[in-house]
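Next come the chains, spelled out residue by residue.
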Amino acid sequence: MEKKYNVIKRTLAGMTAVMCMAGCLPALAANAEDKGESYGYHEASEQVTGGWEVVRGDTSPESNPDAVAAMDNALKYLDGVAYTPVAVLARQCVAGTNYCMLCKVKPITPNATPSYHLVYVYEDLKGNAEIIGRTTVLNSPSEGATGGYSVNDGDTSLSAHEDVLAAFNKAMDGRGGVDVRPIAYLGSQLVAGMNHMLLCKSTVVYPGAKPSYSIMTVYEDLDGNCQLSTSLKIDFGNISEFNRTIHCIANEPTCTKDGNIEYWYNTSSYKYYSDKKFVNEISYEDTIVKALGHDMDSPEWTWSDDHTSAHLTVKCNRCGEKAIDEDAVVTKKQIYPATYNRTGFISYVATVTINDESWENNCIVVLPKLTYTAPTISYEKGEGAVKLCWTEVEGVEEYGVAGFIGGKWQLLDHGKSTSYVLKNLKAGTSYKVAVVAKADGQWIKDFSNAVTVDPKEAYCYPNFRTRVINGKIGYKWEAVPGAEKYAVAVCLANKWQIVKQLDSNVLSWTSPKVQSGTYKTVVVAKINGKWVTVQAPANSVTVSVN
Ligand SMILES: [Zn+2]
């Protein structure tokens, strides 16, 4: 019952409702504004309004069979809820009759709780009847709630509840002027003491006075003192909850909100119909047209400059809203480092997952080639050899020594060391060499560090011996590789002079007779068309002739 009521409220709040009053009830229609949950209690009015005639005598259903018959008629088409008349309180003569009676209302479901309502029934002149509305008097507390009224689900007569009657009588003690009589016991509430709720009939002690009906509370404190107060003075014109049919026009569903078909809803039977004649009953679920869901446009990704974060936005083509507006999880994938020969790249992957659905975006960042600086070469001359040394280059696999031979660079040797000895070099010959490096299996062909080297010239002096015989100087020498000619030089008057040139196949010579004295002399060789004489004084010997 409680649950269904919530459904109704939601329906009313969310949709255009057209109220259709069944029957012609001008007196009621005038009060048809939605009164919400109010009891319609009018403090100022002592009079029963709108032409309602209160029941002056016995209010029991047995004494008011016309009202009970009208109720039975009205209930013919109503399933699921039991209405038990407790007291018939008033009639109104319209084109037919309206009745107001206090009823116990209880859904026909297991564990249902009772409630009390003033129920209004209209019966037309042909005997067709319907419930036209009701006002809640007392509801059972919702499940689990504490402190509410325990609603009487049994006999409502006071004779069946003598303790309540006794409390009422105690409260009435000494009061005069108004004749108050309890008609029905509705329920009790445990407070600091006890509240008892009663339907009462009050009549001013005055000839011909009309009675009025109220819901009264007897408060009995812990010492047994009793006090009476009015909870609700019944105003018959004031119906808080009309029994009405709500016509809901069709609502197109949107991306996110359900829509509905056109339907009619009866607030007393809680039933839904697809036609206004209430022929085709449907379920509440049948009225719903499911939300369409967004019509996703292509995803838009935005990356931060450093690619550490990304954001996904997906707009909806239909409603224009951002259907997705989420930060992504970014991971680095497949990192290829840049080298001297090749550009590298990093692949960033952004992922957004919503309800098991994933969006992914790749962002590839190119890493430029590393800047290569050829190693710096230094060298040391050796005899027929040159030792090369060079600076290290980061990230290379090995080094190669290249020679410029015949107008072309040729790889002479390679290895991981940063030094190398060039051997078998001809004295007096220059060699152009460079050191290259290998990265990713490829030689970096940068020969900008090329140097021109030559071996020590010392090797170019023939080893020679002298012997003086009969005033002549005899020379004997060893061959020098690459020598084209040999010559014997003598230092005369502090000047070196070549005294004899000889072919390369000649390895000895004897001078003519010379004057007695000492001579500084040396044997030199001509290599590559040049006399090697730089170190001549150091290689010379002094010969004495007697
Ligand atoms: Zn949308």
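- The name an unreviewed UniProt entry gives the protein is Fibronectin type-III domain-containing protein, with Ruminococcus albus SY3 as the organism.

1. A short note on the overall build of the protein
- Within the protein, the regular secondary structure consists of 6 helices and 40 strands.
- Residue burial in the protein is summarised as follows: out of 546 residues, 41% are buried.
- Within the protein, residue pairs in contact and separated by at least 24 positions form 55% of the contacts whose partners lie at least 6 positions apart.
- For the protein, the exposed surface amounts to about 30300 Å²; the carbon and sulfur share of it is 49%.

2. Looking at unusual backbone geometry
- At asparagine 355, a residue that is not glycine, the phi angle is positive and equals roughly 50°.
- For asparagine 355, the location among the structural elements is in the loop between strand 23 (344-354) and strand 24 (357-367).

3. Overview of the pattern of salt bridges
- Per the stated rule, a full pass over the model turns up 6 salt bridges.
- Note that lysine 381 is salt-bridged to aspartate 454, the shortest N-O span being 2.7 Å. With lysine 381 in strand 25 (residues 377-382) and aspartate 454 in the loop between strand 32 (451-453) and strand 33 (464-469), this pair connects stretches of sequence that are 73 residues apart.
- The partly exposed category is assigned to lysine 381, whose relative accessible area is 40%.

4. Quick word on the sheet that holds strand 22 (residues 329-336)
- The 3 strands lie next to each other as 22-23-24, forming an open sheet whose pairing is antiparallel. Of all the strands in the sheet, the pair left with one neighbour each is strand 22 and strand 24. Adjacent strand axes in the sheet meet at a mean angle of 20° when their direction is disregarded.
- In this sheet, strand 23 lies alongside strand 22 in antiparallel orientation, the contact comprising 6 bridges. The residue bridging lysine 332 from the neighbouring strand is tyrosine 348, located in strand 23.

5. As for the packing of aromatic side chains
- For the structure on display, the rule yields 13 aromatic pairs.
- The rings of Trp52, Tyr120 and Phe236 are connected pair by pair, giving a single aromatic cluster.
- The lysine or arginine in question, lysine 432, covers the ring of phenylalanine 404, its NZ or CZ lying 4.6 Å from the ring centre.

6. Quick word on the coordination of the zinc ion
- The zinc ion binds to the protein through Cys255 (SG), His294 (ND1), Cys316 (SG) and Cys319 (SG); the donor distances cover 2.1 to 2.3 Å.
- Of note, the zinc ion draws all its donor residues from one chain, in the sequence arrangement C-x38-H-x21-C-x2-C. Here cysteine 316 lies in the loop between strand 20 (310-315) and strand 21 (322-327) and cysteine 255 lies in the loop between strand 13 (245-248) and strand 14 (259-260), a separation of 61 residues in the sequence. Considered together, cysteine 255 and cysteine 316 belong to a single accessibility category, that of buried residues.

7. Re a nonpolar patch on the surface
- A cluster of nonpolar residues, Val178, Val204 and Tyr206, forms a patch on the protein surface that exposes about 300 Å² of accessible area.
- Tracing the chain through its elements places valine 178 in strand 8 (residues 178-191).

8. What to know about the side chain of histidine 117
- Counting through the fold element by element, histidine 117 comes out in strand 5 (residues 115-123).
- Using a relative accessible area of 2% as the deciding quantity, one classes histidine 117 as buried.
- Looking at histidine 117, its side chain comes within polar contact range of the side chain of serine 115, at 2.9 Å.
- Within the local environment of histidine 117, its side chain forms a polar contact with the side chain of threonine 136, the two groups lying 3.3 Å apart.

9. What about the pairing of strand 11 (residues 226-233)?
- With 7 bridges connecting them, strand 10 (residues 212-220) and strand 11 associate as antiparallel partners. Bridge assignment links isoleucine 215 to a residue of strand 11, and that residue is leucine 232.
- Linkage of strand 10 to strand 11, two consecutive antiparallel strands, is achieved through a turn of 5 residues, within which glycine 224 is found at a positive phi near 90°.

10. A few points about the confidence of the model for the protein
- Chain-level statistics for the protein give a pLDDT mean of 84 and a share of 88% at 70 or above.
- The model gives residues 1-49 a pLDDT under 50, and that stretch makes 79 contacts with residues more than four places away or in other chains.

11. Thoughts on the side chain of threonine 339
- Following the sequence through the fold, threonine 339 ends up in the loop between strand 22 and strand 23.
- Given a relative accessible area of 13%, threonine 339 falls into the buried group.
- Within the local environment of threonine 339, its side chain forms a polar contact with the side chain of aspartate 440, the two groups lying 2.4 Å apart.
- With sequence-adjacent residues up to four places away left out, threonine 339 is seen in contact with Lys369, Leu370 and Asp440.

12. Here's the deal with the pairing of strand 4 (residues 96-107)
- Of all 12 residues making up strand 4, 10 are buried, and the element is well covered by its neighbours.
- In this structure, strand 3 (residues 81-94) lies alongside strand 4, joined through 12 bridges in antiparallel fashion. From the neighbouring strand, alanine 87 faces strand 4, where its bridge partner is leucine 102.
- Hairpin connection from strand 3 to strand 4: 1 residue lie between these consecutive antiparallel strands.

13. Some thoughts on the sheet that holds strand 10
- Read across the open sheet, the 5 strands follow the order 7-8-9-10-11; overall the sheet is antiparallel. Taken across any chain shown, the strands that pair with only one partner, and hence form the sheet edges, are strand 7 (150-151) and strand 11.
- Sheet topology note: the strand 8/strand 9 (residues 193-204) ladder contains 12 bridges and is antiparallel. Its bridge partner lying in strand 9, proline 182 is registered against cysteine 200.

14. Describing helix 4 (residues 162-172)
- Of the positions making up helix 4, those classed as buried are Val164, Ala167, Phe168, Ala171 and Met172. End-on view of helix 4: buried residues confined to an arc of 135°, all on one side of the axis. For helix 4, exposure combined with an orientation more than 90 degrees from the buried face picks out Glu162 and Asp163.
- Buried residues along helix 4 sit against strand 8, strand 9, strand 10 and strand 11.
- Just past helix 4, the residue glycine 174 takes up positive phi, approximately 85°.

15. Some thoughts on the environment of histidine 311
- With respect to the helices and strands, histidine 311 occurs in strand 20.
- Distance in space between the C-alpha atoms of histidine 311 and glutamate 300 is 8.2 Å, their sequence separation being 11 residues.
- In this view, histidine 311 contacts Glu300, Trp301, Thr302, Asp325, Glu326, Asp327 and Ala328; residues no more than four positions away in its chain are not counted.
- Among the polar contacts listed, one links the side chain of histidine 311 to the side chain of aspartate 327, at a separation of 2.6 Å.

Reading the values: rules and limits
- Residues numbered from 1 in each chain as written.
- Predicted model: local features only at pLDDT ≥ 70, side-chain atom pairs only at ≥ 80, totals over all residues.
- Heavy atoms only, no water.
- Helix = DSSP H or I, 4+ residues; strand = E, 2+ residues; numbered from the N terminus.
- Buried < 20%, exposed > 50% of the residue type's maximum accessible area, 1.4 Å probe, protein only.
- Contact = heavy atoms within 4.5 Å.
- Areas by Shrake-Rupley, 256 points an atom, 1.4 Å probe, with all protein chains shown as cover.
- Salt bridge = Lys/Arg side-chain N within 4 Å of Asp/Glu carboxyl O.
- Pairing = 2+ DSSP bridges.
- Axes fitted to C-alpha atoms, helices over the stretch in contact; angles between N-to-C directions.
- Phe/Tyr/Trp six-rings, centres within 6.5 Å; stacked < 30°, edge-to-face > 60°.
- Lys NZ or Arg CZ within 6 Å of the ring centre and 35° of its normal.
- Donors = N, O, S within 2.8 Å, 3.2 Å for Na, K, Ca; no water.
- Patch = residues over 30% accessible without salt bridge, like charges linked within 9 Å, V, L, I, M, F, W, Y side chains within 5 Å.
- Polar contact = N/O pair within 3.5 Å; in protein donor to acceptor, adjacent residues only side chain to side chain.
- pLDDT = per-residue confidence, 0-100.
- Arc of directions from axis to C-beta.

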